[in-house]
Amino acid sequence: MKHFLNTQDLSRAELDALLAAAARFKRAPVGEALKGKSIALVFFNASLRTRASFELGAFQLGGHAIVLQPGKDAWPIEFDLGTVMDGDAEEHIAEVAKVLGRYCDLIGVRAFPKFTDWSLDRQDRVLQAFARHATVPVVNMETITHPCQELAHAMALREHFGTNDLRGKKYVLTWTYHPKPLNTAVANSALTIATRLGMDVTLLCPTPDYVLDERYMGWARDNVAEAGGSLHVSHDIEAAYAGADVVYAKSWGALPFFGSWAAEKAIRDRYRHFIVDEAKMALTNDAVFSHCLPLRRNVKATDAVMDSPRCIAIDEAENRLHVQKAVMAWLAGGAA
Ligand code: CP
C-alpha cells in the first residue's frame with residue numbers, strides 16, 4: 001500500500017513528479033483527477049490551511065472531503081493493541097481505519113505529539129496505526145513531520161528562484177521564540193526537504209537542547225551525502241544569517257524538556273531576540289523569508305519582515321492547495 005507519510009519515503013523522481021504535477025494544478029486548478037473519489041480528513045488538532053486546502057482541493061478536482069474530529073464530532077479512538085477499553089475511547093483504530101476505507105479512497109491524519117514524553121511521541125503512533133490498519137492510502141497532514149508543508153515550501157522556493165536546482169543556496173532554518181513549546185514537525189520537515197534539495201543548510205537554534213531529533217538529523221546527513229550541499233548547526237545569529245539566500249523560521253520545544261516545560265520556559269524566555277527582524281535580514285544575501293503559518297507577528301517575525309516583498313509565506317500557503325492535489329491525485333487518481 002502506497003502512503004504519503006514522509007517525503008523521505010519517496011524517490012527523488014517521485015518527489016519531482018509531485019512538484020511538477022502541483023505546478024500543473026496551479027496553472028489549471030479545476031479538473032476531474034479525483035472525480036468520484038473521496039478523502040476522510042481526520043483532525044485530532046486544529047487547522048486553518050490544511051483543512052481548507054484539502055477540502056477545496058478535493059472539490060476542485062471533482063472529489064469530496066469529509067472532516068472528522070475524534071473526541072469532538074466523532075468517537076474517541078483507542079490506539080493501543082490488546083487493551084481493555086474501559087476508558088474514554090469508544091472504538092479502536094482497527095475498526096476506524098477499516099470502516100473509513102470502505103467509504104473513502106484516502107485518509108488524511110493530523111495528530112500532534114502529546115508533549116509529555118518524546119520517546120513515545122517520536123513513534124508517531126497515531127499515523128503509523130492508521131497506515132497499519134487502513135485499506136486505503138494514508139496522508140500525513142502533520143504529526144511529527146509535515147510533508148505537505150515541505151512540498152509547498154519547495155515549490156515556493158523553486159518559483160521564487162526560477163529554477164528547480166536550488167543547490168548552492170544558503171538556507172537558514174532558524175528557531176524563534178514563542179510563548180509555548182511547539183511541535184518540531186515543521187522544523188524536522190524543513191531540515192529534511194532543504195537538504196534533499198542539495199542546499200547548504202544551517203540549523204540555527206539557541207542551545208544544543210534545541211537540536212532536532214537524531215532521526216531527522218540523520219535524514220539530513222543522508223540527504224547531504226546523496227544530494228551534495230552541507231549541514232551545520234549554529235548558535236551564532238550573525239554568522240548564520242550572513243549571506244543567507246533563504247531564511248525559514250519556526251519555533252519548537254526542546255526535546256530533552258518534554259514533560260518538564262516549566263524548566264524549558266526559563267531557557268526559552270532568554271532567547272526572545274531570535275525574532276526575525278530587519279536587522280538580521282540585512283545580513284543576508286537579500287534572502288527570501290518564509291514560515292509555515294500560523295505566525296505570531298512581532299514575536300516570531302516583525303511586521304516589516306512579514307510585509308516585505310521578500311516574504312513568500314503566503315505563496316507557500318497557497319501552494320498547499322496545489323501540492324495536496326498532486327498527492328491526492330497520485331494516491332487515489334492514479335495521476336501525478
Ligand atoms: N501550516 C499549516 O499546516 O497550517 P494549519 O495548522 O492552519 O493547517
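Look above for the structure.
All figures in this text were calculated on a predicted structure; none of them were measured in a lab. (Residues numbered from 1 in each chain as written. Predicted model: local features only at pLDDT ≥ 70, side-chain atom pairs only at ≥ 80, totals over all residues. Heavy atoms only, no water.)

Colleague: How should helix H6 (residues 147–161) be read in this particular structure?
Modeller: Between the first and last C-alpha of H6 there are 21 Å, a value that for 15 residues agrees with the 21 Å anticipated at 1.5 Å per step. Counting buried positions over the 15 residues of H6 gives twelve, a clear majority of the element. Looking at H6, one finds that the buried residues are Pro147, Cys148, Gln149, Glu150, Leu151, Ala152, His153, Ala154, Met155, Ala156, Leu157 and Arg158. Residue Gly162 follows H6 closely and has a positive phi angle near 70°. (Helix = DSSP H or I, 4+ residues; strand = E, 2+ residues; numbered from the N terminus. Expected span 1.5 Å × (residues − 1). Buried < 20%, exposed > 50% of the residue type's maximum accessible area, 1.4 Å probe, protein only.)

Colleague: What's the story with the packing of aromatic side chains in this structure? I'm lost.
Modeller: For any pair of aromatic rings, geometry is given as the distance between the ring centres together with the angle between the planes. Per the stated rule, a full pass over the model turns up twelve aromatic pairs. On the basis of an interplanar angle of 65° and a centroid distance of 6.5 Å, the ring pair of Phe44 and Phe130 is categorised as edge-to-face. Of this pair, Phe44 sits in the loop between strand E1 (38–43) and helix H2 (49–60) while Phe130 sits in helix H5 (residues 125–133), placing them 86 residues apart in sequence. The class of Phe130 is buried, set by a relative accessible area of 0%. Site record: aromatic cluster; members linked through ring pairs are Phe115, Trp118, Phe258 and Trp261. (Phe/Tyr/Trp six-rings, centres within 6.5 Å; stacked < 30°, edge-to-face > 60°.)

Colleague: What should I look at first to understand the nonpolar core in this one?
Modeller: Across soluble globular proteins, you tend to see nonpolar side chains buried next to one another. The biggest cluster of nonpolar side chains holds 94 residues, and the ones touching the most others in it are Phe4, Tyr171, Leu173, Trp252, Val276 and Phe289. A per-element tally of this core places helix H13 (residues 313–333) first, with ten residues. Counting residues domain by domain, this core receives three or more from each of domain 1 (7–145 + 320–332) and domain 2 (147–316). Discounting residues that sit within four places of it in the chain, Val276 has contacts with Thr174, Thr176, Tyr241, Val247, Ala249, Met281, Phe289, Lys300, Ala301, Thr302 and Val305. One finds Phe79, Cys104, Val109 and Ala129 within the second-largest nonpolar core, a separate group that totals 21 residues. (Core = buried A, V, L, I, M, F, W, Y, C linked by side-chain atoms within 4.5 Å. Domains from an automatic or database assignment. Contact = heavy atoms within 4.5 Å.)

Colleague: Teacher, can you tell me more about the sheet that holds strand E9 (residues 230–234) here?
Modeller: One key point about sheets: their strands pair by backbone hydrogen bonds, in either a parallel or an antiparallel sense. Spatially, the five strands line up as an open sheet ordered E9-E8-E7-E10-E11, and their pairing is parallel. Lying at the two open borders of the sheet, with one neighbouring strand each, are E9 and strand E11 (288–290). Within the sheet, the average angular offset between the axes of one strand and its neighbour, ignoring direction, is 20°. In the sheet, strand E10 (residues 246–250) pairs with E11 via three bridges, with the strands oriented parallel. If you follow Tyr248 over to E11, its bridge partner there is Ser290. Across the sheet, helix H8 (residues 214–227) touches strand E8 (200–204) and E9, and the angle it forms with E9 is around 145°. (Pairing = 2+ DSSP bridges. Axes fitted to C-alpha atoms, helices over the stretch in contact; angles between N-to-C directions.)

On their own, these measurements won't tell you what the molecule is for.
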